[in-house]
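Coordinate inspection notes
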Amino acid sequence: MPDFTPAELTRVRSALLGWFDRNGRDLPWRHGPEGRRDPYRAWVAEVLLQQTQVARGLTYYQRFLDSFPTVHALAAAPQEAVLKAWEGCGYYARARNLHRAAQHVAAHGYPHDHAGWLALPGVGPYTAAALSSLTQNAAHAVNDGNVRRVLARLHAHPQPTPAWVQAHADTLLDPDRPGAWNEAVMDLGATICTPKAPQCHRCPLSPWCQAAALGTPTAYPAPKPRPAVQDLHAVAVLIGTPEHAALEERTGTLLGGLMGLPSQSFDPAQPAAQAQAIAALCNRLHATPGETLGQVTHAMTHRRVTLHVYRATGGPAPQDVSRAALSRLDRKALNLMTPLLTPPT
DNA sequence: AACACGGGGTC
DNA sequence: GACCCAGTGTT
């Protein structure tokens, strides 16, 4: 299939930008003129929206900006406060990286270009292109899930590689309005060219869309094979009460930086492993194991964690749970003690 | 190039 | 249950 001629390119850009000017989303981080968005608000939003849907990101965005209205406020905050504001949002490395990067920006100022953004922790190819184009009108095309889907359909490419998507996004990018163009493609992908039920009849690009012409837009791009979900089992102890419990900071990559009930993983295939784990855990904590409180299971994208929760006494001092940043998993574990307080859904 | 990394929406 | 979401960092 031939690529667009220069004349077609002009019409395609005009069609999408015209649609965007009428139908672009009014989002709280689109503060300031096109191509000159407020860098702090745009940055927080871009990080927050990594692998997070806009509808969901909206609530977290408001909460985060209430907590840290400026990059200086963010830079000056302790990491626990940042994670507390991020609590429940997932991918907590984003919050840790954003915090570190904010300290750099507070000291040295905002990056001046794409390469400068890219050097910040937590800013990769997508976010650097987004921020340089949205805040500085730099001609860098974003490549995210929306762009990938829109371009895969436009060219009826079932398995677009990142390089293929980037090359086509670069070609299509409107050099006169790069910031608006990037926002436009993402808005189109999020509202019209959706994964499941695209509204091709309302799409400004349908005259050029090969997938629409074939009548099978949802076939592009083909679903990616996903690795199997791993089952993880651990024992955990509740020392104190659900409101005032002993907590430990989770180290490592899984939920790193968050607080949680002291825990110890075990292999459920080994008959005695659970008993050994609770004994070893209590031994490490200098605590005395008590009765079992039950178990909770929490599904993540790539893990299914089952926490077997025991009561225990002694050991580390309980602390105020409401002030700590906890994962959903630990919230569920604490709820074992207070099922009656759980609001009806 | 392949993994690891949350949590929730939607079909 | 499958698939996805304004991806990044590590191995």
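Computed from a prediction, not measured in an experiment: that's the story for all the values here.

1. Things to note about the confidence of the model for chain A
The predicted model of chain A has a mean per-residue pLDDT of 95, with 97% of residues at 70 or higher. Confidence drops under a pLDDT of 50 for residues 341–345, and excluding neighbours within four residues, the segment shows one contact in the predicted structure.

2. Re the protein's contact with DNA strand B
Surveying the vicinity of DNA strand B reveals 20 residues, the closest of which are Gly-90, Thr-253, Leu-254, Thr-301 and Ser-327. Among the residues making up the surface near DNA strand B, the classes are represented as seven nonpolar, ten polar and three charged.

3. Description of the sheet that holds strand S6 (residues 287–299)
The sheet built from four strands is open, its strands ordered S5-S1-S7-S6 with mixed pairing. The sheet terminates laterally at strand S5 (263–266) and S6, the two strands that pair on one side only. Sheet twist, expressed as the average angle between the axes of neighbouring strands with direction ignored, equals 25°. As paired strands, strand S1 (residues 230–238) and strand S7 (residues 303–314) are joined by nine bridges and run parallel to one another. Of the residues in S7, the one forming a bridge with His-233 is Thr-306. Helix H13 (residues 273–285) rests against S1, S5, S6 and S7 of the sheet, and its axis sits at about 155° to S5.

4. Observations regarding the pairing of S7
Examined bridge by bridge, S6 and S7 share ten bridges and lie antiparallel to one another. Following the sheet pairing, Thr-297 is matched in S7 by Thr-306. The antiparallel hairpin formed by S6 and S7 contains three residues in its connecting segment.

5. Considering the domain arrangement of chain A
Looking at chain A, the domain boundaries give domain 1 (6–219) and domain 2 (230–341). Spacing between the C-alpha centres of domain 1 and domain 2 amounts to 37 Å. The interface of domain 1 with domain 2 comprises eight residues on the first partner and seven residues on the second. Sorting elements by how many residues they give to the side of domain 1 that touches domain 2 places helix H5 (residues 79–86) first, with four residues. Partitioned by chemical class, the residues of the side of domain 1 that touches domain 2 number two nonpolar, two polar and four charged.

6. Considering the UniProt feature "domain: HhH-GPD" (unreviewed entry) in chain A
Following the UniProt record, one finds the feature "domain: HhH-GPD" (unreviewed entry) at residues 48–191. Between the first and last C-alpha atoms of residues 48–191 the distance is 19 Å; the span itself is 67% helix and 0% strand.

7. Quick notes on the protein's contact with DNA strand C
By nearness alone, 31 residues border DNA strand C, and Gly-124, Thr-127, Asp-144, Gly-145 and Met-186 come closest of all. Elements that contribute at least two residues to the surface near DNA strand C include exactly helix H2 (39–48), helix H8 (125–136), helix H9 (145–154) and helix H11 (178–191). Broken down by element, the surface near DNA strand C gets its largest block of residues, four residues, from H11. Across the surface near DNA strand C, the residue classes tally to 13 nonpolar, eleven polar and seven charged.

8. A look at unusual backbone geometry
Of note, the amide linkage connecting Tyr-220 to Pro-221 takes the cis form, showing an omega dihedral of -15°. With respect to the helices and strands, the residue Pro-221 is situated in the loop between helix H12 (210–214) and S1. One non-glycine residue, Gln-51, adopts positive backbone phi at about 60°. The exposure class assigned to Gln-51 is exposed, which follows from the 10 C-beta atoms found within 10 Å.

9. Section: the packing of H8 against H11
Put simply, H8 and H11 touch, their axes get as near as 7 Å, and they point 125° apart. Considering their axes alone, H8 and H11 lie oblique with respect to each other. Of the two elements, H8 crosses H11, and the hand of that crossing is left-handed. For the pair H8 and H11, the contacting residues are Ala-130, Ser-133 and Leu-134 in the first and Pro-178, Gly-179, Asn-182 and Glu-183 in the second. Its residues placed into classes, the contact of H8 with H11 shows three nonpolar, three polar and one charged.

10. Remarks on H2
Counting buried residues in H2 gives eight out of ten residues, a clear majority hidden from the surface. Inspection of H2 places Tyr-40, Ala-42, Trp-43, Val-44, Ala-45, Glu-46, Val-47 and Leu-48 among the buried residues, and these make up the whole buried set. Here the buried face of H2 lies against helix H3 (54–67), helix H4 (71–76), helix H6 (93–108) and H8.

11. Focus: the environment of Leu-285
When you line up the elements, Leu-285 lands in helix H13. Under the C-beta neighbour-count criterion, Leu-285 is labelled partly exposed, with 19 such atoms within 10 Å. On a C-alpha basis, the gap between Leu-285 and Thr-313 in space is 9.9 Å, while along the polypeptide they are 28 residues apart.

12. Some details on the nonpolar core
Core analysis: the biggest nonpolar cluster contains 89 residues, and Val-44 and Val-237 have the highest contact counts within it. With seven residues, the top contributor of residues to this core is H2. Residues lining this core come from more than one domain, with at least three contributed by each of domain 1 (6–219) and domain 2 (230–341). Other than its neighbours up to four places away in sequence, Val-44 contacts Tyr-61, Phe-64 and Leu-65.

Procedures and definitions
Residues numbered from 1 in each chain as written. Chains lettered and ligands numbered in written order. Predicted model: local features only at pLDDT ≥ 70, side-chain atom pairs only at ≥ 80, totals over all residues. pLDDT = per-residue confidence, 0-100. Contact = placed C-beta atoms within 7 Å. Near = placed C-beta within 6 Å. Nonpolar A, V, L, I, M, F, W, Y, C, P; charged D, E, K, R; others polar. Pairing = 2+ DSSP bridges. Helix = DSSP H or I, 4+ residues; strand = E, 2+ residues; numbered from the N terminus. Axes fitted to C-alpha atoms, helices over the stretch in contact; angles between N-to-C directions. Domains from an automatic or database assignment. UniProt positions renumbered as here; feature names shortened; annotations may be inferred. Buried ≥ 20, exposed ≤ 12 C-beta atoms within 10 Å, placed from the backbone. Parallel < 35°, antiparallel > 145°, perpendicular 65-115°, else oblique. Left-handed = near helix turned anticlockwise from the far one by under 90°. Core = buried A, V, L, I, M, F, W, Y, C linked by C-beta atoms within 7 Å.

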